[in-house]
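# Coordinate inspection notes
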Amino acid sequence: MRISDNMIFAQASQASGAARDRVQQLVDENSTGLKLEHPWDNPGGVAPLVAHRLNATRLDAMSSTAAAASDDLTATDNALGGLTNVLARARELATQMSNSTYSADDRAAAANEVQGLFKDALGYLNTQSGNRYIFAGYKDDQPPFNDAGTYQGDN
């Protein structure tokens, strides 16, 4: 078989074109930092990337859920701690005022303090975490207790 100049030129041209395409591919990878620009570049190489992206999304969702739960628990703990203090003070006043040595004026002052404690208790029971009322059940977009102390949350 005779090898003509035309065959040599065609083979060199083809090899040169393939080398040029490979250089362009490497330049693109280097400039963008992406080895896979399109899924069809390497379908087998895309699957781990998609799985990684799904795992990252799932972990982000779990992280934000855990942070929201932590915020809710902190708000709940603070509200219940404040409510415990209010109830302890109300108990002290009730015990103290049951003694016959206190006058009507003393009892009236204690009654005023109890009214203030009641308002404080309502404030703790109407605590919000973010834009939700934490003790309102499913109706967490409105305060669970009104000014009279009546529960308005879900059943």
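Definitions and cut-offs
Residues numbered from 1 in each chain as written. Predicted model: local features only at pLDDT ≥ 70, side-chain atom pairs only at ≥ 80, totals over all residues. Heavy atoms only, no water. Helix = DSSP H or I, 4+ residues; strand = E, 2+ residues; numbered from the N terminus. Rg over C-alpha atoms; globule rule 2.2 N^0.38 Å. Buried < 20%, exposed > 50% of the residue type's maximum accessible area, 1.4 Å probe, protein only. Contact = heavy atoms within 4.5 Å. Areas by Shrake-Rupley, 256 points an atom, 1.4 Å probe, with all protein chains shown as cover. Lys, Arg positive; Asp, Glu negative; His and termini not counted. Charge placed at Lys NZ, Arg CZ, Asp CG, Glu CD. Salt bridge = Lys/Arg side-chain N within 4 Å of Asp/Glu carboxyl O. pLDDT = per-residue confidence, 0-100. Expected span 1.5 Å × (residues − 1). Arc of directions from axis to C-beta. Core = buried A, V, L, I, M, F, W, Y, C linked by side-chain atoms within 4.5 Å. Axes fitted to C-alpha atoms, helices over the stretch in contact; angles between N-to-C directions. Parallel < 35°, antiparallel > 145°, perpendicular 65-115°, else oblique. Left-handed = near helix turned anticlockwise from the far one by under 90°.

### What about the overall build of the chain?
From N to C terminus, the chain includes three helices and two strands. Reading the helices (α) and strands (β) of the chain from amino to carboxyl end gives α-α-α-β-β. Whereas a compact globule of 155 residues would reach a radius of gyration of roughly 15 Å, the chain reaches 37 Å, over 25% beyond that. Across its three principal axes, the chain shows a C-alpha extent of roughly 130 × 30 × 20 Å. Per-residue burial over the chain gives 16% buried out of 155 residues. Taking all contacts inside the chain whose residues are at least 6 apart in sequence as the whole, residues at least 24 apart take part in 35%. Counting every atom, the chain has about 11,900 Å² of accessible surface; 55% of that belongs to carbon and sulfur. With 12 positive and 19 negative side-chain charges, the chain shows a spacing of 7 Å between the two charge centroids.

### Quick look at the pattern of salt bridges
The final tally for this structure, using the stated rule, is four salt bridges. Taking the shortest distance from any N to any O, the salt bridge between R89 and E113 comes out at 2.7 Å. With a gap of 24 residues between them, R89 in helix α2 (residues 43-97) and E113 in helix α3 (residues 104-125) connect regions that are remote in the sequence. A residue is classified by how much of its surface remains accessible, and E113, at 33% relative accessible area, is partly exposed.

### So, the confidence of the model for the chain
Confidence along the chain averages 88 in pLDDT terms, with 94% of residues attaining 70 or more. By mean pLDDT, the top-scoring element of the chain is α3 (95), and the lowest-scoring one is helix α1 (residues 5-32) (81).

### A closer look at α3
The end-to-end C-alpha distance of α3, which contains 22 residues, comes to 31 Å, matching closely the 32 Å that a straight helix rising 1.5 Å per residue would cover. All of the buried residues in α3 are A110, L117, A121 and L122. When α3 is viewed along its axis, its buried side chains cluster within an angular range of 140° and face the same direction. Along α3, the residues that are exposed and aim more than 90 degrees away from the buried face are D105, N112, Q115 and K119. Along its buried surface, α3 packs onto α2.

### Section: α2
Under the 1.5 Å per step criterion, the end-to-end length of α2 is 81 Å for 55 residues, consistent within 8% with the ideal 81 Å. Residues of α2 that are buried include every one of V46, D72, A75, A79, G82, L83, V86, L93 and M97, and no others. Tucked into the core, α2 has its buried residues touching α3, β1 (128-129) and β2 (132-133).

### Some words on the nonpolar core
Listed in full, the seven residues of the largest apolar core are L83, V86, L93, M97, A110, L117 and A121. Elements supplying a minimum of two residues to this core: α2 and α3. Top contributing element to this core by residue count: α2, with four residues. Residue contacts for L93: discarding those within four places in its chain leaves A110, E113, V114 and L117.

### Considerations on the packing of α2 against α3
For the pair α2 and α3, interaxial distance at closest approach is 9 Å and the crossing angle is 165°. In this view, α2 runs roughly antiparallel relative to α3, as classed from their interaxial angle. In this structure, the crossing between α2 and α3 has a hand that is left-handed. For the pair formed by α2 and α3, the contact residues are A79, G82, L83, V86, R89, A90, L93 and M97 on the first element and D106, R107, A110, E113, V114, L117, D120, A121, Y124 and L125 on the second.

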